[in-house]
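# Per-entry structural report
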Amino acid sequence: MHGAPALLPVIPAVRDFPGWQGGLASLGVAHPARALLPPGRIDAPPEFRVLDGLWFPVRGHRWRRADDGYLAELAAEWRQSADPRAAAVLALLRRAAQALELDPMALRRLTLYQVSERAAAEGGPAEEALRRLGVHPAEAAELAAATAYRPRVDRAAAEGLWDAWAERRLDETGALLARLPGAPSGDQVLDAVRHHHRSELAGRDALLREAAASARRGERVTAVRCCLRAARLDRADRRPLLELVRIAEHDREPPRGPRLRAEPSGAGVELAWTPVSRRSPGGEPVGYQVLRLDATDRPPGARPAEPVPLGPVDRPELRDSTVPFGHRVRYAVVPVAAGRPVGGAVLGPPVVLAPPPADLRLVPGRNAVALSWTAPAPAEEVRVVRTAPDGPARAEWTQPAAAGALVDRGVDAGVHRYALAAGYRAADGARVWSAEVAAATVVEQYPEQVARVRLAPGPDGTVAVEWPAPAHGRSALVAWPDGVPLPPPGEELPDAARPEAAAAEPVGGGLLRAELAVVPRALNRCLLVTALGGRAVAGPGVVVDAVGGVERATAERTPDGRVRLAFAWPDPAVQTEVRWSQGGEQDHRLVARSSYLREGLVLPVDRRPCTVVLTPVGRASADLVLSTPVELAVPARLRIAWRLERPPRLGRRRPWQLRLRTELPAAPDGELHWPCPDFSLVAAAGAVRPLRPEQGEELLRVPGAELADGLPHLAELDPHRIARPAVLRGFLVGPHAGAAELQDPDPDSLVVR
């Protein structure tokens, strides 16, 4: 049912209905009639009339209407009251007085709306519910009958409609009206709102159409006026504001007057414009609505992006710190008052927020310049342009912006100018470059380091050092102190005088040569240094290890046939290389100093002749090692065979014959290169074979000199000297016993009984 008696309102029709509800809730009452009472009666059971205005009983059985006078008297009483609820009641009385200024029946309408809603919500007989709410019995029955015909309405729409309508939010008002009963609704106020809303909605849309048509015809003033009138009809509609901006965008000849200045900075875009009147014609203070527009070049037919509102401000300046870096934008400023535009839009020039790098610093060095900068965080690249000192030649490259530094190498001496620009990615993906920031520096002429060096051993313990002469500066071979590490090539050195290790002379072909006299048995360290104009630079180091040769070297065969070497260790070498060859086969070994001093050195060779070469090993870090190898020739091991010849039994008195034969090694010069030991025949009493010469009695000795000729040797032995029983054995004795091996006869032939 869409109709109802005019007695009951469908909407409360008061401003800020939630505020009313909050004030009543703070006092613990359900409707205004319970709150609009003196301090002594606010807690008493209520009783009021509401059919013909809002009336309260007073003394003398009279009724008092809740009008301006009543509210004033009531406020005076509450101000004198000590009731803690006085502040809340006084706030509600001020709200009631404001409502009566707009509508004398506002309190009656609000009370009727709330008691009818409360009675319907409580259930049961409506008349009893209304009486409990305080309605006078004489009106409760009639009011209860009216509630039976009142339709159920959308309370949120009913209670929010008046604020939307009073604040000229036409689209929101239309949405709320669609949720409420249509006309005739039984509520004249609701029907009047619906009628006026329809009229103003049509007027607003017509004004906007007229504004667009006037703008197309070039009638800027008319178009602006239509937009401002449309904005007065609907304060929530953004279309009048946007239309004002479009009018300014398409105006070929903007009027003279306010100007908008937009300047990019490191913190955003700084905006400033000419202020307008501080008050609107209606008396409201004037502020400014700032909008950011997309000024990117778009293809024909492409729809521009929606303007971005930056918020109203009350001063003619603003910093836009949210503008995207690298985007081309434009700003519009519209004066506003009470939330609606009151003047035409002012447009600024297109700008791009692309701040250049900051803190550019140049540090010159040797054929190089070190650059450092601080780039804004959104920058992706930094373009570097170097201008040559003597012409228009340019070097240009890009670097990641976040790197913050680079070293430009290969720069000639002279004045150089560097210009840096930061690169940003625009909305369409294109690269946008900032303005350039530039600085200049002077690269001084540095000495050129020596590129390479060649070493060669010379006569009498010298070393020939040869290197190419540098193009800039004077190079010299200087002695480098012990214990100080050699600097790497290219390192700049303190400009101090250094003693030359050897004088250099040109040898042609752009080369210099110095004859370096090395200290024997020492590590000789030098450095090639180039000096020019108070600066010096290190070149290659020259390290010569003069380890010399092995001294007092001897080789001696051991009884087992191997060769024991003895020599004075060639300090300061830490290793000696031993190479030996035997029968066309070669082998080698590196001997450490500690191992040699602790264990000696024995080579695993056989009886064949061999050649041994001893070479001290220099340090691995040396560029050149000067060492003299020592060669030892070890001939083959000698072999001496012997046998004892006894006479037959009948010739016992005859002496025994001892025959010896020496197998000599082949010698090219026909001489024996190895001394021959003596032969000793020993007799040990008993039946035990002697193991050493001292375990028996020497019967005879044949000198090695007699055996060294390689001819058979015969010696006689008197058998009566031998105490029986006994065992004979031959031994090689003397200092050269290891140089030969003894071939013994059958052991049974050496037993004497």
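Residues numbered from 1 in each chain as written. Predicted model: local features only at pLDDT ≥ 70, side-chain atom pairs only at ≥ 80, totals over all residues. Heavy atoms only, no water.

Check the secondary structure of the chain and you find 14 helices and 44 strands. Expected size for 753 residues packed as a compact globule is a radius of gyration near 27 Å; at 61 Å, the chain overshoots this value by more than 25%. Over its C-alpha atoms, taken along the principal directions, the chain stretches across nearly 190 × 80 × 55 Å. A burial count over the chain gives 43% of its 753 residues as buried. Sequence-distant contacts, at least 24 apart, represent 64% of the contacts inside the chain between residues at least 6 apart. Carbon and sulfur atoms make up 52% of the accessible area of the chain, which totals about 38,900 Å². (Helix = DSSP H or I, 4+ residues; strand = E, 2+ residues; numbered from the N terminus. Rg over C-alpha atoms; globule rule 2.2 N^0.38 Å. Buried < 20%, exposed > 50% of the residue type's maximum accessible area, 1.4 Å probe, protein only. Contact = heavy atoms within 4.5 Å. Areas by Shrake-Rupley, 256 points an atom, 1.4 Å probe, with all protein chains shown as cover.)

Mapped onto the elements, Thr147 comes out in helix α7 (residues 137-149). Of the residues examined, Thr147 reaches a relative accessible area of 19% and is grouped as buried.

Moving on, we come to helix α9 (residues 170-177). Residues Leu170, Thr173, Leu176 and Leu177 constitute the buried set of α9. In an axial view of α9, the angular spread of the buried residues amounts to 120 degrees, which keeps them on one side of the axis. On the buried face of α9, the contacting elements are α8 (155-166), α10 (188-216) and α11 (220-233). (Arc of directions from axis to C-beta.)

Okay, the confidence of the model for the chain next. Summary statistics for the chain give a mean pLDDT of 86 and a share of 95% for residues scoring 70 or more. Mean pLDDT across the elements of the chain ranges from a minimum in strand β43 (residues 740-743), with 80, to a maximum in strand β13 (residues 368-374), with 94. Counting interchain partners and residues more than four positions distant, the pLDDT-below-50 stretch residues 1-6 has 17 contacts. A low-confidence stretch, residues 668-672 (pLDDT under 50), is modelled with four contacts involving residues beyond four sequence positions or located in other chains. (pLDDT = per-residue confidence, 0-100.)

If you trace the four strands from one edge of the open sheet to the other, you get β32-β31-β34-β36, paired in antiparallel fashion. The two strands at the open ends of the sheet, each matched to only one other strand, are β32 (585-592) and β36 (630-634). With strand direction ignored, the average angle separating the axes of adjacent strands in the sheet is 20 degrees. Pairing analysis gives five bridges linking strand β34 (residues 610-617) to β36, with the strands arranged antiparallel. (Pairing = 2+ DSSP bridges. Axes fitted to C-alpha atoms, helices over the stretch in contact; angles between N-to-C directions.)

This paragraph deals with the packing of aromatic side chains. Within the structure shown, the criterion is met by eight aromatic pairs. Feature note: the residues Phe567, Trp569 and Tyr596 constitute an aromatic cluster, connected by ring pairs. (Phe/Tyr/Trp six-rings, centres within 6.5 Å; stacked < 30°, edge-to-face > 60°.)

Right, let's talk about the pattern of salt bridges for a bit. This model, assessed by the stated rule, comprises 49 salt bridges. Residues Glu436 and Arg383 are paired through a salt bridge, measuring 3.9 Å at the closest nitrogen-oxygen approach. Linking Glu436 in the loop between β18 (431-433) and β19 (437-443) with Arg383 in strand β14 (residues 381-387), this pair joins segments that are 53 residues apart in sequence. Taking the shortest distance from any N to any O, the salt bridge between Glu645 and Arg659 comes out at 2.8 Å. Placement of Glu645 in strand β37 (residues 638-645) and of Arg659 in strand β38 (residues 656-663) is noted, with a sequence separation of 14 residues between them. Its relative accessible area of 24% is what places Glu645 among the partly exposed residues. On the basis of relative accessibility, which here comes to 35%, the residue Arg659 falls in the partly exposed class. Taken together, the salt bridges that share partners define one network made up of Asp171, Arg204, Asp205, Asp234, Asp237 and Arg239. (Salt bridge = Lys/Arg side-chain N within 4 Å of Asp/Glu carboxyl O.)

Turning our attention to helix α5 (residues 106-122). The end-to-end C-alpha distance of α5 is 24 Å, a good match for the 24 Å that 17 residues give at a rise of 1.5 Å each. Counting buried positions along α5 gives 13 out of 17 residues, so the element sits mostly inside the fold. In the stretch just after α5, Gly123 is the one whose phi turns positive, near 80 degrees. (Expected span 1.5 Å × (residues − 1).)

Turning next to the pairing of strand β16 (residues 405-409). Along β16, the buried face is formed by Leu406 and Asp408; none of Ala405, Val407 and Arg409, which line the opposite face, is buried. Pairing geometry for β13 and β16, over five bridges, is antiparallel. In the sheet register, Ala368 faces β16, and the bridge partner there is Arg409.

Below, the discussion takes up unusual backbone geometry. Residue Pro184 follows Ala183 across a cis peptide bond; omega there is -5 degrees. Along the chain, Pro184 turns up in the loop between α9 and α10. Following Asp571, the chain continues to Pro572 via a peptide bond in cis, the omega torsion being 10 degrees. Examined against the element boundaries, Pro572 turns out to sit in the loop between β30 (563-568) and β31 (575-582). A positive phi is found at Arg168, a non-glycine position, where the angle reads about 60 degrees.

Right, let's get into the nonpolar core. Ranked by size, the top nonpolar core spans 61 residues in total, and within it Leu36, Leu54, Phe56, Leu93, Leu107 and Leu143 carry the most contacts. By residue number, the principal contributor to this core is helix α4 (residues 86-102), which donates eight residues. (Core = buried A, V, L, I, M, F, W, Y, C linked by side-chain atoms within 4.5 Å.)

Before going further, it helps to spend a moment on the sheet that holds strand β33 (residues 601-603). The three strands are arranged β29-β30-β33 in an open sheet whose pairing can be described as antiparallel. Edge positions in the open sheet fall to β29 (551-557) and β33, since each of these has one partner strand only. Between one strand axis and the next, the sheet turns through 25 degrees on average, direction left out of account.

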